[in-house]
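Given next are the chains, with one letter for each unit.
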Amino acid sequence: MPANQSVETALSLVDQNPAKILGLTVGPHENVKPGQYIPRADAQSAPKLSFNVPSHSSTYLVVGLDIDAPFPSFGVLGPILHWIQPGLKDNDGQLDKTEPFVANYIGPAPPPGSSPHRYVFFLYEQPTGFDGQKYAPPNGQNLGNWHRMRYDLDAWEKEVHLGSVLAVNYFTSN
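Residues numbered from 1 in each chain as written. Predicted model: local features only at pLDDT ≥ 70, side-chain atom pairs only at ≥ 80, totals over all residues. Heavy atoms only, no water.

1. Remarks on the pattern of salt bridges
Thought 1: For the structure shown, the criterion picks out one salt bridge.
Thought 2: Two residues, Arg118 and Asp68, come together in a salt bridge whose shortest N-O distance is 2.7 Å. Residue Arg118 is located in strand 7 (residues 117–125), and its partner Asp68 is located in the loop between strand 4 (59–66) and strand 5 (80–91); the two are separated by 50 residues in the primary sequence.
Thought 3: Under the relative-accessibility criterion, Arg118 is labelled partly exposed at 32%. (Salt bridge = Lys/Arg side-chain N within 4 Å of Asp/Glu carboxyl O. Helix = DSSP H or I, 4+ residues; strand = E, 2+ residues; numbered from the N terminus. Buried < 20%, exposed > 50% of the residue type's maximum accessible area, 1.4 Å probe, protein only.)

Okay, structure coming up:
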């Protein structure tokens, strides 16, 4: 499993600074609290995001990961990429999509017998000149599972020149 120091650093924000908690609405669950359990069936559509962004004219990007795959006690396949959505713009605190995905959202799907996994969402300011099409599958296709396993968030941050995580939140599901 990649080291992903960024994951640990971002998760510490949840405890250290409540102002850094990304607003999540997952299915019928509004104002999701960090670590809140959400049934798998309720989380099959991409969450709605909200945050008091530092600049209303900037564009933002979210990355979603399952950091416990395939089992929390045996994370050899993790983290698994669940979503990369660039082109998020502020709309009165809600973040609306204005660009196609880089990696389409996939909902929770832990294997049978697994305890709940953590599904973590990281919000970044999108770098100027970021071209999501360069990283997305051609013609708006969904990203295959092979490219999702053992996702290296640290490497992605460096490759696309992401700054620090602005906000983070997570839910659990199985």
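Picking up where we left off.
2. Describing the nonpolar core
Thought 1: Counting residues in each nonpolar core, the largest one holds 26 residues, and the members touching the most others are Val63, Leu65, Ile84, Phe122, Leu153 and Trp156.
Thought 2: For this core, the secondary structure elements donating two or more residues are helix 1 (5–16), strand 4, strand 5, strand 7, helix 2 (153–160) and strand 8 (167–173).
Thought 3: If you tally residues by element for this core, the top one is helix 1, at five residues.
Thought 4: Setting aside chain neighbours within four positions, we find Trp156 in contact with Leu61, Val63, Ile84, Val102, Phe130, Tyr135, Tyr151 and Leu162. (Core = buried A, V, L, I, M, F, W, Y, C linked by side-chain atoms within 4.5 Å. Contact = heavy atoms within 4.5 Å.)

3. Remarks on the packing of aromatic side chains
Aromatic ring pairs are reported here in terms of the distance separating the ring centres and the angle at which the planes meet.
Thought 1: Counting across every chain of the model gives seven aromatic pairs.
Thought 2: For the ring pair Trp83 and Tyr105, a centre distance of 5.6 Å and an interplane angle of 85° mean the geometry is edge-to-face. With Trp83 in strand 5 and Tyr105 in the loop between strand 6 (94–97) and strand 7, this residue pair connects regions lying 22 residues apart in the sequence.
Thought 3: Summarising the aromatic geometry, the rings of Phe130 and Trp156 are spaced 6.2 Å apart at their centres and angled 85° between planes, so their arrangement reads as edge-to-face. Of this pair, Phe130 sits in the loop between strand 7 and helix 2 while Trp156 sits in helix 2, and the two are 26 residues apart along the sequence.
Thought 4: Taken together, Trp83, Tyr105, Tyr119, Phe121 and Phe171 form an aromatic cluster joined through their ring pairs. (Phe/Tyr/Trp six-rings, centres within 6.5 Å; stacked < 30°, edge-to-face > 60°.)

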